[in-house]
Amino acid sequence: MPRPLVPAGPLRELKDLLHELYLAAGEPSLDSIKAAIDQDEHEDLSGAPSRDTIRRVLGDRTVPPSQANTVAVAMVLARMARWDAADAAGRARQLWMRARTVPTPGTPLEQVDDPFALEVHRPVQVDDDAQIPSQGRLPVYVPREHDAALAQVVGRAVGGISAMAVLVGGSSTGKPRACWEALRPLRQAGGWRLWHFYDPTRPEAALETMEQVGPFTVVWLNETQFYLHTHDGTGPKVAAGLRSLLADPARAPVLVLGTLWPEHWDTLTRAPAAGSDDPHAAARAVLSGSDIEVPAAFTGQALHDLRQAAGDDPRLRRAAEHAEDGHITQYLAGVPELLRRYRLATPAARALIHAAMDARRLGHRRALPLDLLAAAAPAYLTDTEWDLLDDDWLEQALAYTAAPCHGARGPLTRIRPRTPGTKQRTATVYLLTDFLDQYGRQERSEHLPPLGFWNALTAYADPGDLYTLGKAAYDRGLYRAAAQMLKNATAQGDGEAASLLVRILHQLHPDDPRPARYSVARVAVDDPWATRHLLDSLNKLGSSEQAVDLSDQVATAAPLNDPLEAASLFRVLRESGAHEPARVLADRTAVHVSLEHPGRTSLLMATMHKGGAAEQATILADRAAVHAPLDHIPGVLALLRDLHDIGADQQATTLRTRLFAAPVSLKTLRDATELLRILHDAGLDEQVMTVLAQIPNDFALRDDASGLAAMLAMMRRVGADERAEALADHCAAHVALDKAAMLFEALHGLREAGADEQVAALLARDPAAHLPVDPLWPMTAVLEIMAEIGAEQQAAALAARAAAQALLDDGGGVAHLLDSLREIGAEEQAAVLLARDPGVRLRLDDGFGIATLLNSLHRAGADEQIAVLLSRDPANHVLISGNTGPTMLLRNLHEIGAQEQFAVLAERMPAAGLFHEFLEACDHQARYTFGRDPGGRPAERWGWDDLD
């Protein structure tokens, strides 16, 4: 009987004890154990378990119901093994008691009956609510396509496999409700629990109890950004904990359900630019592949199904009759009434809502202090509006914003503690409803709040948000307001705020050392990334004295939880010439740094070795070889490679031995290739053959054929020519012709590997006739490689279909296609594409798409199409955000001489947080040396003495 997989804790210790006794007894059959219990002549057996109970005691992953039966099994096995039966009984009795008394996070699903406690929106009330049955607190549910995708994820969990799904959609699109409905199969299966982390704060609760989460648990992460995108450094830790939870077979099955707005998904999953910090690496890793899109509207069959179901529910009937453009869930959540309340608000109430909208979109957390709103709101009123207010204007305005909208939450409502024992808040706080939060981000994205708003933030914003808010002010050119908030944040020990504060003041007054002194004296080194930023800034700005002081603090007190953080700190210390602090840090790191992520450990080890800390790198290598976890194969392979590279051959042998103690689970072709390389270089031919035997011929297609060329080359390098031929043959014969990305990888891989026969075989299947022309980017990549390998006929056929049929709303994709057609000599097809006037169909909100298409049209000499595109006024319609799209568009408008559009776009950029791009494009650095005021005028000279 195999040892059951059980999470760490008393239950695992109990199961380990019983399994050890079972092995020592010679692995007796269940019948033998039952007979031994029945025939036992001692009087100390109080339990009499059946054969099936014995099986559950030994093999189940749960706590046995009866202590007496558990002790009886332990004692009999101990006697069969000639162990001390009394000692075994005592240990089993103690461990059983501990396992029974350890609190299990979560509530049994059969007791989870309040969807509103899980943040499902309360539905609107209608005049005929009396017709709704008592069990109908929620409207009748009408499934859509995303529900089918979610059901597949839930099905994997029911089948025993841990899984994660994150529903991505706008506010009030029904994400929590879909998750609530998805719990039905788990309720039917029985035995599941639900854990909702939120007390005292969401990330704190997650970190405190994550390790206690066991099998058959639903982890409910509504508003997932509050767990993963935090201001205090807890987000990456929560993400790492979730990843470990999902990967731990002893805790499977676990189902993680989350929800995100699209903008939050983009923030957490977007890869950083080369050379930039990657604060969301852990979040991106755990979220990868988990997203399920939730559309904003009911369309097609879903809308038909809704109308069919509406007859039984007056709320659905009302939504079906009155919701605009299929926005059913928004109507049910009270969105139309919310908008009406907002638009008809009194000046004071509207000012409160605008202050709340601006605070949220600029980075304040959900809980908005009343003092902040009350101090900011007057700045949004005209002199006349302010003079006409009653003395109790604030109470009247809050009453207006808090009144429910047909049963749904009002625009701005007070937050109260949810459960007894929740930490009491020190100030009254308010919540802006989700929909108006998202609405404000769109509608007010280019509004620059008045000066009084920024003063209110400085005085009353949550201290944990001051860096984010200060950065938002800086990005809008409000340097003085930014510096004040950053100084206040630095006083709280925020190293990231200190770094930006020092850079701003050094830019204005390079000879003033006071900002650097102030920052180093107050910054806390418990945030390694922020500390690294500050230290880097001090070194670059020539603040050597302060850099030395901070280096000493870093060396002796910086936390060592993450090898990436430690490597970054070590590197910046070495680069700044702080050799002794770097040595001290390396000494601490080698002994104490976490080994949880072998890939990160590998990077740290290589960094220390390269940076002159070879002895410390060897100590770390010793630890990693013995203790690094083996569940993340890419990281283990990176560690193996770097062990060889630094000459730690003995440690590499130890790690390899551990790795091959059990079958290695290879999930990608690249992992398999890297493992083969390491084994071959080490002369381990037997292990090479073992790995080759684990690689099926369809592995390349499971991995989207990525890394095919490298694998084929490696197979030939190790002498497995027949396997290489079989892999190439299978790929050529079976790659899907309707999946552009996979088809491109296959053609590219076969070509790079010199598999000309297989390339010909793949082309003989006529992929050009089967490949969809949309989406444009991967299709165009296939078109280019067809032209490169000489498949002119197929390339011409695909080019003709693409030019005539492709959708033209993606400007970047159209530009890529147009450039490629011209590069491969398909001028006729390029002309067909241009004749379709892509500038007429292009989405005007996509700055990157507009910019790249303008460039492409300019290179093609398509002046008429450029004029058509510019006539649609893209400068006034493009979405302004922190990405590169608007900046690229501004530059391209200037290059093609569209000065009117250039001026319009440039004027929009500062208020939207692109002030520095505006300065560079318009050459205004000298004019705005000290930033600007909220009215847009250049700011007067100011300095350190002007800050409080």
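Residues numbered from 1 in each chain as written. Predicted model: local features only at pLDDT ≥ 70, side-chain atom pairs only at ≥ 80, totals over all residues. Heavy atoms only, no water.

## A look at the overall build of the protein chain
Broken down by element type, the protein chain carries 54 helices and nine strands. Expressed along its principal axes, the backbone C-alpha trace of the protein chain runs to roughly 95 × 75 × 75 Å. Burial analysis of the protein chain (948 residues in total) assigns 52% to the buried set. Considering only residue pairs separated by 6 or more positions, the protein chain has 71% of its internal contacts joining residues 24 or more positions apart. For the protein chain, the exposed area adds up to about 42,200 Å²; of that, 49% sits on carbon and sulfur atoms. Taken together, the 92 basic and 127 acidic charged side chains of the protein chain have centroids lying 4 Å from each other. (Helix = DSSP H or I, 4+ residues; strand = E, 2+ residues; numbered from the N terminus. Buried < 20%, exposed > 50% of the residue type's maximum accessible area, 1.4 Å probe, protein only. Contact = heavy atoms within 4.5 Å. Areas by Shrake-Rupley, 256 points an atom, 1.4 Å probe, with all protein chains shown as cover. Lys, Arg positive; Asp, Glu negative; His and termini not counted. Charge placed at Lys NZ, Arg CZ, Asp CG, Glu CD.)

## A word on the sheet that holds strand 9 (residues 429-432)
Spatially, three strands are ordered 7-9-8 in an open sheet, and the strand pairing comes out antiparallel. Only two strands of the sheet have a single partner each, and these edge strands are strand 7 (368-369) and strand 8 (412-414). In this sheet, strand 9 lies alongside strand 7 in antiparallel orientation, the contact comprising two bridges. Each bridged residue has a counterpart across the sheet, and for Pro369 the counterpart in strand 9 is Val429. (Pairing = 2+ DSSP bridges.)

## A word on the pattern of salt bridges
As a working rule, side chains carrying opposite charge can pair if their charged atoms are close by. Evaluation of the coordinates by the stated rule reveals 40 salt bridges. For the salt bridge of Glu13 with Arg98, the shortest nitrogen-to-oxygen distance reads 3.7 Å. With Glu13 in helix 1 (residues 10-24) and Arg98 in helix 5 (residues 85-101), the pair connects residues that are 85 residues apart, well separated along the chain. Residue class for Glu13 comes out partly exposed when judged on its relative accessible area of 38%. (Salt bridge = Lys/Arg side-chain N within 4 Å of Asp/Glu carboxyl O.)

## Structural notes on the pairing of strand 3 (residues 193-196)
Residues of strand 3 alternate between two faces, with Leu194 and His196 buried on one and Arg193 and Trp195 left unburied on the opposite face. Here strand 1 (residues 107-108) pairs with strand 3 via two bridges, running antiparallel. For Pro108, the partnering residue across the bridge sits in strand 3 and is Arg193. In terms of strand pairing, strand 3 meets strand 4 (residues 217-221) through four bridges, oriented parallel. Across the sheet, residue Arg193 finds its bridge partner in strand 4, namely Thr217.

## Points about helix 49 (residues 847-859)
For helix 49, which comprises 13 residues, the first-to-last C-alpha distance of 18 Å matches the rise-based estimate of 18 Å (1.5 Å per residue) to within 8%. Taken together, the buried positions of helix 49 are Gly847, Gly849, Ile850, Ala851, Thr852, Leu853, Leu854, Ser856 and Leu857. Residues of helix 49 that are buried in the fold lie against helix 46 (811-823), helix 47 (827-835), helix 48 (838-841), helix 50 (863-871), helix 51 (874-877) and helix 52 (885-895). The N-capping residue of helix 49, defined by a side-chain oxygen 3.3 Å from the backbone nitrogen of Phe848, is Asp846. Looking one or two residues past helix 49, Gly861 carries a phi angle of roughly 70°, positive in sign. (Expected span 1.5 Å × (residues − 1). Polar contact = N/O pair within 3.5 Å; in protein donor to acceptor, adjacent residues only side chain to side chain.)

## Points about unusual backbone geometry
Of the consecutive residues Ala252 and Pro253, the connecting peptide bond is found in the cis state with omega at 0°. Tracing the chain through its elements places Pro253 in the loop between helix 11 (234-247) and strand 5 (254-260). The step from Asp774 to Pro775 runs through a cis peptide bond, and the omega angle for that step is 0°. Along the chain, Pro775 falls in the loop between helix 43 (767-770) and helix 44 (776-788). Of note, the phi angle at Arg82 is positive, near 60°, even though the residue is not glycine. The exposure class assigned to Arg82 is exposed, which follows from its relative accessible area of 78%.

## Digging into the environment of Ala802
For Ala802, the location among the structural elements is in helix 45 (residues 792-805). For Ala802, a relative accessible area of 0% gives the class buried. Along the primary structure Ala802 and Leu817 are separated by 15 residues, whereas in three dimensions their C-alpha atoms are 8.3 Å apart. Not counting the four nearest positions on each side in its chain, Ala802 is found in contact with Val773, Met779, Leu817 and Arg836.

## Concerning a negative patch on the surface
On the surface, Asp721, Glu722, Glu725, Asp729, Asp756 and Glu757 cluster together into a negatively charged patch. Counting residues per element, the ones that place at least two in the negative patch are helix 40 (721-734) and helix 42 (756-764). Looking at which element gives the most residues to the negative patch, the answer is helix 40, with four residues. By secondary structure assignment, the location of Asp721 is in helix 40. The class for Asp721 is partly exposed, based on a relative accessible area of 46%. (Patch = residues over 30% accessible without salt bridge, like charges linked within 9 Å, V, L, I, M, F, W, Y side chains within 5 Å.)

## Topic: helix 1
The end-to-end C-alpha distance of helix 1 is 21 Å, a good match for the 21 Å that 15 residues give at a rise of 1.5 Å each. Those residues of helix 1 that fall on the buried side of the exposure criterion are Pro10, Leu11, Leu14, Lys15, Leu17, Leu18, His19, Leu21 and Tyr22. Elements that come into contact with the buried residues of helix 1 comprise helix 2 (30-39), helix 3 (51-59), helix 4 (67-80) and helix 5. Note on helix 1: the residue one or two positions beyond its end, Gly26, has a positive phi of about 90°.

## Considering the pairing of strand 9
Regular strands place side chains that alternate from one sheet face to the opposite one. Neither face of strand 9 is open: one carries Val429 and Leu431, the other Tyr430 and Leu432, and all of them are buried. Taken together, the three bridges between strand 8 and strand 9 define a ladder with antiparallel strand orientation. For Leu412, the partnering residue across the bridge sits in strand 9 and is Leu432.

## Concerning the confidence of the model for the protein chain
Taken over all residues, the pLDDT of the protein chain has a mean of 89, while the share at 70 or more is 96%. Overall, residues 417-425 carries pLDDT values under 50, and its contacts beyond four positions in sequence, including any with other chains, amount to 13 contacts. (pLDDT = per-residue confidence, 0-100.)

## Focus: the sheet that holds strand 4
The strand order across the open sheet built from six strands is 1-3-4-5-2-6, with neighbouring strands paired in mixed fashion. Where the open sheet ends on each side, the last strands, each with one partner, are strand 1 and strand 6 (291-293). Along the sheet, helix 7 (residues 175-182) contacts strand 2 (163-168), strand 4 and strand 5; its crossing angle with strand 5, the most-contacted strand, is approximately 160°. Helix 12 (residues 262-269) contacts strand 2, strand 5 and strand 6 of the sheet and is inclined by roughly 115° relative to strand 5. (Axes fitted to C-alpha atoms, helices over the stretch in contact; angles between N-to-C directions.)

## Quick word on the packing of aromatic side chains
Summed over all chains, the structure comprises twelve aromatic pairs. Relative to Tyr439, the ring of Phe435 lies with its centre 6.0 Å away and its plane at 25°, an arrangement referred to as stacked. Placement of the pair is Phe435 and Tyr439 together in helix 22 (residues 434-443), with a separation of four residues, close to one helical turn. Each of the two residues, Phe435 as well as Tyr439, counts as buried. Ring geometry for Tyr474 and Tyr479: centres 5.2 Å apart, planes at 35°, overall tilted. No difference in accessibility class separates Tyr474 from Tyr479, as the two residues are buried. Taken together, Tyr474, Tyr479, Phe915, Phe918 and Tyr928 form an aromatic cluster joined through their ring pairs. Here the guanidinium or amino end of Arg144 rests over the ring plane of Phe298, the centre of that ring lying 4.0 Å away. (Phe/Tyr/Trp six-rings, centres within 6.5 Å; stacked < 30°, edge-to-face > 60°. Lys NZ or Arg CZ within 6 Å of the ring centre and 35° of its normal.)

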